[in-house]
Amino acid sequence: MPEGHTLHRLARLHQRRYAGAPVSVSSPQGRFAAAAAAVDGRVLKRASAWGKHLFHHYAGGPTVHVHLGLYGTFTEWVRPPDVAMPPPVGQVRMRMIGAQYGTDLRGPTVCEVLDDAQVADVVSRLGPDPLRRDADPAWPWARITKSRRPIGALLMDQTVIAGVGNVYRSELLFRHRIDPYRIGQHISEAEFDAAWTDLVALMKVGLRRGKIIAVRPEHDCGPPSYAPGRPRTYVYRRAGEACRVCATEIRTAELEGRNVFWCPTCQR
């Protein structure tokens, strides 16, 4: 599932390519047809992101809300002048066409049109987004310090912090030597402050580079990444391999329905 920096990159891209002008919106698949008609031809005022949620805000009030989920993806393409649009390929839920660019959305978990009150309701259920300037770490700290849930589960809870997925969760806890099964009540304020500051910095790198880069330069060697074209990780998807710091075997287990990865020596 895409993590928060990916949605912020999409919001920036769509803001740059489509905002300030009318946009043609359709649903070749048909499942979004009625909602697409509500925004078709309107001016896109701005695109924004909160955690793993993308919003297209249109003039006159309607907002398209997208959550990519596990399978959702946008395919971007350039629209040459006076050239017919390429026919949709596959199940395209939403097609947006601007003056010079177009994009097709396939496979999202959510694609819907909301009014301002409904947008506010979605946002009200989310924790602060580390990539937003208004993010207040006091909110997640208040939740974490009172909770008996494992910190590894709390970091993935979008009502606590919005935008953190499995890669950021696993890598952040390793970088701060915190066992993912330690309960929230046993996280010190100093540990939380250091981890929050680091998370903001890591997600800003992800936003800028388009990749989650968590391994420090002095450890960025040895076995390759878990997949071609991906940066190395400390623990994510490295179960059974040697820790890059201490050589202990990396472990994995299921934590509240998601696999978590950690080093039992470094993360005590």
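Calculation notes
- Residues numbered from 1 in each chain as written.
- Predicted model: local features only at pLDDT ≥ 70, side-chain atom pairs only at ≥ 80, totals over all residues.
- Heavy atoms only, no water.
- UniProt positions renumbered as here; feature names shortened; annotations may be inferred.
- Helix = DSSP H or I, 4+ residues; strand = E, 2+ residues; numbered from the N terminus.
- Patch = residues over 30% accessible without salt bridge, like charges linked within 9 Å, V, L, I, M, F, W, Y side chains within 5 Å.
- Areas by Shrake-Rupley, 256 points an atom, 1.4 Å probe, with all protein chains shown as cover.
- Salt bridge = Lys/Arg side-chain N within 4 Å of Asp/Glu carboxyl O.
- Lys, Arg positive; Asp, Glu negative; His and termini not counted.
- Charge placed at Lys NZ, Arg CZ, Asp CG, Glu CD.
- Pairing = 2+ DSSP bridges.
- Axes fitted to C-alpha atoms, helices over the stretch in contact; angles between N-to-C directions.
- Contact = heavy atoms within 4.5 Å.
- Phe/Tyr/Trp six-rings, centres within 6.5 Å; stacked < 30°, edge-to-face > 60°.
- Buried < 20%, exposed > 50% of the residue type's maximum accessible area, 1.4 Å probe, protein only.
- Lys NZ or Arg CZ within 6 Å of the ring centre and 35° of its normal.

Caption draft 1: Representation of the UniProt feature "domain: FPG-type" (unreviewed entry) in the protein. As annotated by UniProt and renumbered to match this structure, "domain: FPG-type" (unreviewed entry) occupies residues 234-268. Here residues 234-268 is 0% helix and 29% strand, with 15 Å between the C-alpha atoms at its ends.

Caption draft 2: Structural detail: a positive patch on the surface. The grouping of Arg9, Arg12, Arg16, Arg133 and Lys204 at the surface amounts to a positive patch. A per-element tally of the positive patch places helix H1 (residues 4-18) first, with three residues. Here arginine 12 is to be found in helix H1.

Caption draft 3: View of the sheet that holds strand S5 (residues 73-78). Ordered in space as S1-S6-S7-S5, the four strands form an open sheet in which the pairing is antiparallel. Looking at which strands have only one partner, the edges of the open sheet turn out to be strand S1 (24-26) and S5. Each strand of the sheet is rotated relative to its neighbour by a mean of 15°, with strand direction disregarded. Packed onto the sheet, H1 meets S5, strand S6 (92-97) and strand S7 (101-106) and runs at close to 30° relative to S5.

Caption draft 4: How the structure looks around the sheet that holds strand S8 (residues 110-114). The strand order across the open sheet formed by four strands is S2-S3-S4-S8, and the pairing between neighbours is antiparallel. At either margin of the open sheet sits one strand with a lone partner, and together these are strand S2 (44-50) and S8. On average, adjacent strands in this sheet sit at an angle of 15° to one another, irrespective of strand direction. For strand S4 (residues 63-67) and S8, the ladder comprises five bridges, and the chain directions are antiparallel. Within the sheet, the bridge partner assigned to threonine 63 lies in S8 and is leucine 114. Seen against the sheet, H1 touches S2 and strand S3 (53-58) and runs at an angle of roughly 170° to S2. Contacts from helix H3 (residues 116-124) reach S2, S3, S4 and S8, with the element oriented near 135° to S8.

Caption draft 5: Up close: the packing of aromatic side chains. Within the structure shown, the criterion is met by six aromatic pairs. Their ring planes at 75° and their centres at 5.5 Å tell us that tyrosine 236 and phenylalanine 261 sit as a pair that is edge-to-face. Note that tyrosine 236 is positioned in the loop between helix H7 (189-209) and strand S9 (251-255) and phenylalanine 261 in strand S10 (residues 258-262), a separation of 25 residues in sequence. Among the residues examined, tyrosine 236 registers a relative accessible area of 14% and is labelled buried. Note on phenylalanine 261: relative accessible area 8%, which makes it buried. By way of ring pairs, the aromatic residues Trp141, Phe192 and Trp196 are connected into one cluster. For the cation-ring pair, arginine 177 lies above phenylalanine 174, with the distance from its terminal atom to the ring centre recorded as 4.7 Å.

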